[in-house]
Amino acid sequence: ENFTFFQDSGSVANSNRFILLDNQSTCHVFKDKSLLTNVQPASYPITIHSTAGTSYADTIGYIPNFPDLVWVCKSGIANILSFAKIRAAGCGIVYNQDRDAFIVKGPTKTINFDRLPSGL
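Note that the structure is a prediction, hence the values are computed from the model and not measured.

Asker: Before we move on, can you summarise unusual backbone geometry with the specific residues and values?
Answerer: One non-glycine residue with positive phi stands out, namely Asn38, at about 50°. Among the structural elements, Asn38 can be located in strand β4 (residues 37-50). Although it is not a glycine, Asp100 sits at a positive phi angle of roughly 55°. Within the element layout of this structure, Asp100 appears in the loop between β8 (92-96) and β9 (101-105). For Asp100, a relative accessible area of 21% translates into the label partly exposed.

Asker: Please give an account of the pattern of salt bridges that cites residues and values.
Answerer: Using the criterion set out here, one finds two salt bridges in the structure. In this structure, Asp100 engages Arg115 in a salt bridge whose closest nitrogen and oxygen atoms are separated by 2.8 Å. Here Asp100, found in the loop between β8 and β9, pairs with Arg115, found in the segment after β10 (110-114); they are 15 residues apart in sequence, far enough to count as distant.

Asker: An account of the pairing of β4 is needed here, citing residue identities and associated values.
Answerer: The pairing of β4 with strand β5 (residues 53-62) spans eight bridges and is classified as antiparallel. Pairing of His49 across the sheet is with Thr54, part of β5. Adjacent in sequence and paired antiparallel, β4 and β5 are bridged by two residues.

Asker: Can you explain the confidence of the model for the protein chain? Please cite residues and give values.
Answerer: Across the protein chain, the average pLDDT comes to 84, with 85% of residues at or above 70. Contacts of residues 1-11 to residues separated by more than four positions or lying in other chains number 38 contacts, the stretch itself having pLDDT below 50.

Asker: Give me the lowdown on the nonpolar core, citing residues and values where you can.
Answerer: In this structure, Ile19, Leu21, Phe30, Leu81, Ile86, Val104 and Phe113 are the most contacted members of the largest nonpolar core, which totals 15 residues. Secondary structure elements with two or more residues in this core: β2 (19-22), β6 (69-72) and β10. Every residue in contact with Val104, bar those within four places of it in the chain, is listed here: Leu21, Ile86, Cys91, Gly92, Ile93, Lys109, Thr110, Ile111 and Phe113.

Asker: Explain the side chain of Ser25 to me, using residue names and the numbers behind them.
Answerer: By the element assignment, Ser25 lies in the loop between β2 and β3 (29-30). Classification of Ser25 by relative accessible area gives buried; the value is 15%. Separated by 2.6 Å, the side chain of Ser25 and the backbone oxygen of Cys27 make a polar contact. Discounting chain neighbours no more than four positions away, the residues touching Ser25 are Ile80 and Ser82.

Asker: Please set out the side chain of Asn79 residue by residue, giving values where relevant.
Answerer: Along the chain, Asn79 turns up in strand β7 (residues 79-82). One polar contact links the side chain of Asn79 to the main-chain carbonyl oxygen of Phe18, over a distance of 3.0 Å.

Asker: How would you sum up the packing of aromatic side chains? Please name residues and give values.
Answerer: Pairs of aromatic rings are described using the distance from one ring centre to the other and the angle between the two planes. Evaluation of the coordinates by the stated rule reveals three aromatic pairs. Centroid distance Phe83 to Phe102: 6.4 Å. Interplanar angle 85°. Geometry classified as edge-to-face. Of the two residues, Phe83 sits in helix α1 (residues 83-88) while Phe102 sits in strand β9, which places them 19 residues apart along the sequence. The exposure class of Phe83 is partly exposed, given its relative accessible area of 26%. An aromatic cluster is built from Phe83, Tyr95 and Phe102, whose rings are joined through pairwise contacts.

Quick notes on the rules
- Residues numbered from 1 in each chain as written.
- Predicted model: local features only at pLDDT ≥ 70, side-chain atom pairs only at ≥ 80, totals over all residues.
- Heavy atoms only, no water.
- Helix = DSSP H or I, 4+ residues; strand = E, 2+ residues; numbered from the N terminus.
- Buried < 20%, exposed > 50% of the residue type's maximum accessible area, 1.4 Å probe, protein only.
- Salt bridge = Lys/Arg side-chain N within 4 Å of Asp/Glu carboxyl O.
- Pairing = 2+ DSSP bridges.
- pLDDT = per-residue confidence, 0-100.
- Contact = heavy atoms within 4.5 Å.
- Core = buried A, V, L, I, M, F, W, Y, C linked by side-chain atoms within 4.5 Å.
- Polar contact = N/O pair within 3.5 Å; in protein donor to acceptor, adjacent residues only side chain to side chain.
- Phe/Tyr/Trp six-rings, centres within 6.5 Å; stacked < 30°, edge-to-face > 60°.

Here it is as structure tokens:
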């Protein structure tokens, strides 16, 4: 499966469904809850501080076949996976310079985070 870790959302159709791999994020946060299963109210809310400002999330969900919870932030600007939490979950992450992609190897699947030609 391929996801884009950076893109120019103005030139790419359906960029709201892209998943970004973020090496500065401390939690997984998605704006698009349709990418998640078992979406439900959280037992406590969180405050999210980012370059886009301060947001709040009080809903959680799960990525199919992945144990970590994902916060749902309706006012978010992206679907973000935390690099650190992916590693802590035991997934391997490698950067393939030839492909210009991060590759996440989980217990049941491998996900490629490919860079688009219009990206950074």
